[in-house]
Amino acid sequence: MSKALDGVRILDFTHVQSGPTCTQLLAWFGADVIKVERAGEGDATRGQLRDIPDVDSLYFTMLNHNKRSITLDTKTPKGKEVLEKLIRQCDVLVENFAPGALDRMGFTWSRIQELNPRMIVASVKGFGPGPYEDCKVYENVAQCTGGAASTTGFVDGPPMVTGAQIGDSGTGLNLALGIVAALYQRNSTGRGQRVLAAMQDAVLNLCRVKLRDQQRMERTGQLKEYPQYPDQPFGESVPRAGNASGGGQPGSILKCKGWETDPNAYVYFIAQGAVWPAICKVIGEEGWVSDEAYATPPARLTHLKQIFARVEEWTKTKTKFEAVDILNKYDIPCGPILSMKEIAEEPSLRASGTVVEVYHPKRGKYLTVGNPIKLSDSPTEVTRSPLLGEHTDEVLAQLGYDAKQIAALREERVI
Ligand code: CAO
């Protein structure tokens with residue numbers, strides 16, 4: 001079956017997580033992704049957080065499936081020649097170097113346009129234009145500067161970063177969409193363009209509900225669905241809200257049977273207005289359906305702690321899966337807190353290709369995430385990440401280099 005991005009050639013200068021997320025996604029949609037790495041070392045993540053000595057780390061393999069790898073020193077004159085040929089033949093150059101690195105290498109936007117006016121140059125940077133635009137950035141810096149850390153955690157605790165890599169993988173997703181949009185626009189203009197996805201912007205975009213709450217709070221002085229209400233004062237900035245729901249329906253994480261020993265014996269419970277009578281029935285508080293203090297959503301806002309404590313009395317008598325089964329029968333929105341072990345072993349996630357097992361010649365079998373976006377006419381088959389420089393000869397041959405020239409480039413340490 002054909003793939004959505006068949007025929008699209010990506011020159012992949014990405015490393016670590018944010019950029020590789022983007023190019024892996026494009027590869028899953030069928031693009032030919034040629035990852036350029038320095039001989040000897042390659043992407044730093046190949047060697048980081050290794051679980052098997054001298055074998056590409058899971059960090060690297062899980063971000064670089066379905067790609068080809070070539071080694072090339074793009075700072076040497078002969079390396080630049082190879083790179084120029086690649087730029088002429090590819091559709092998109094993707095990079096997430098520190099600011100200015102591509103220019104310092106001699107490949108400015110105007111130089112790239114001279115070589116290939118149809119080329120799209122897509123970049124992840126920590127920040128967009130402004131005071132921090134020249135700074136290097138990693139995941140947690142983006143979470144801290146994009147509003148996630150100041151709004152995550154508990155009222156009485158410090159700012160907290162989340163386990164979800166919203167700065168890296170989140171920005172990679174934005175960049176991939178920008179590239180596909182630029183490819184589409186190129187169909188009518190014939191021109192390439194620059195695509196920028198800044199990590200601060202991507203995190204803030206995902207934190208929009210907190211910018212919403214900042215403005216609500218400034219207008220009304222309080223946020224009634226937050227755990228601070230009604231006992232504690234609100235300050236100038238939207239506070240951390242613990243596990244309160246970020247939406248219009250109050251919610252909380254509640255203990256389930258076994259919570260004393262199992263750190264994930266919890267359920268997320270949402271007190272959705274539409275199913276309030278069912279909630280009251282399940283927990284045995286039918287009187288709350290007509291009691292003025294509980295009957296309406298605004299009335300319940302002043303009693304949320306008490307309501308969740310009462311629901312928790314009930315959830316503590318059930319395992320998280322029993323609780324979810326019962327609540328789902330009544331259409332009460334809820335979800336078990338799944339551990340990474342449970343997710344890794346979940347058969348339905350394997351069946352849907354969301355979690356896949358991949359074979360790697362040096363590490364054997366391992367698990368990874370598959371494509372989270374499913375296209376009915378462009379199914380994703382996840383293939384292993386390339387070894388460092390595995391496709392150097394193949395790609396150079398496609399560029400017209402013969403075996404002797406390739407050997408000479410290797411001798412001179414260009415590749
Ligand atoms: N041949 C020759 N030189 C190469 C090369 C190649 N194939 N590939 C990379 N290089 C060079 C770069 O040109 C750069 O050289 P200069 O510093 O002389 O210009 C050098 O390698 C280092 O690149 P870098 O500055 O991008 O790498 P770093 O390890 O110092 O920084 C990071 C890493 C991630 C902090 C930085 O790249 C960055 O801020 N990127 C943008 C934001 C981003 O994507 N962050 C997410 C990372 S995931 O958490």
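It should be noted that the structure appears before, not after, this text.
About the thresholds
- Residues numbered from 1 in each chain as written.
- Predicted model: local features only at pLDDT ≥ 70, side-chain atom pairs only at ≥ 80, totals over all residues.
- Heavy atoms only, no water.
- Near = heavy atom within 4 Å.
- Polar contact = N/O pair within 3.5 Å; in protein donor to acceptor, adjacent residues only side chain to side chain.
- Nonpolar A, V, L, I, M, F, W, Y, C, P; charged D, E, K, R; others polar.
- Phe/Tyr/Trp six-rings, centres within 6.5 Å; stacked < 30°, edge-to-face > 60°.
- Helix = DSSP H or I, 4+ residues; strand = E, 2+ residues; numbered from the N terminus.
- Buried < 20%, exposed > 50% of the residue type's maximum accessible area, 1.4 Å probe, protein only.
- Lys NZ or Arg CZ within 6 Å of the ring centre and 35° of its normal.

A. Spatial organisation of the site of the ligand. As a matter of local geometry, the ligand sits amid 23 residues, with Lys 75, Arg 104, Lys 136, Val 137 and Asp 168 nearest to it. Within the side chain of His 15, a nitrogen or oxygen atom sits 3.0 Å from an oxygen atom of the ligand. Taking Arg 38, its side chain carries an N or O atom lying 2.9 Å from an oxygen atom of the ligand. The residue inventory of the shell around the ligand, partitioned by class, reads ten nonpolar, six polar and seven charged.

B. Looking closely at the packing of aromatic side chains. Inspection of every chain in the model, using the stated rule, returns five aromatic pairs. Ring centres of Trp 276 and Trp 288 lie 6.2 Å apart, and the angle between their planes is 5 degrees; this geometry places the pair in the stacked category. Highlighted residues: Trp 276 in helix 10 (residues 276-283) and Trp 288 in the loop between helix 10 and helix 11 (297-301), separated in sequence by twelve residues. Judged by relative accessible area, Trp 276 falls into the buried class, the value being 2%. Counting every residue linked through ring pairs, the aromatic cluster contains Trp 276, Trp 288 and Tyr 294. The positively charged end of Arg 363 is found above the aromatic ring belonging to Tyr 366, 5.9 Å away from the centroid.

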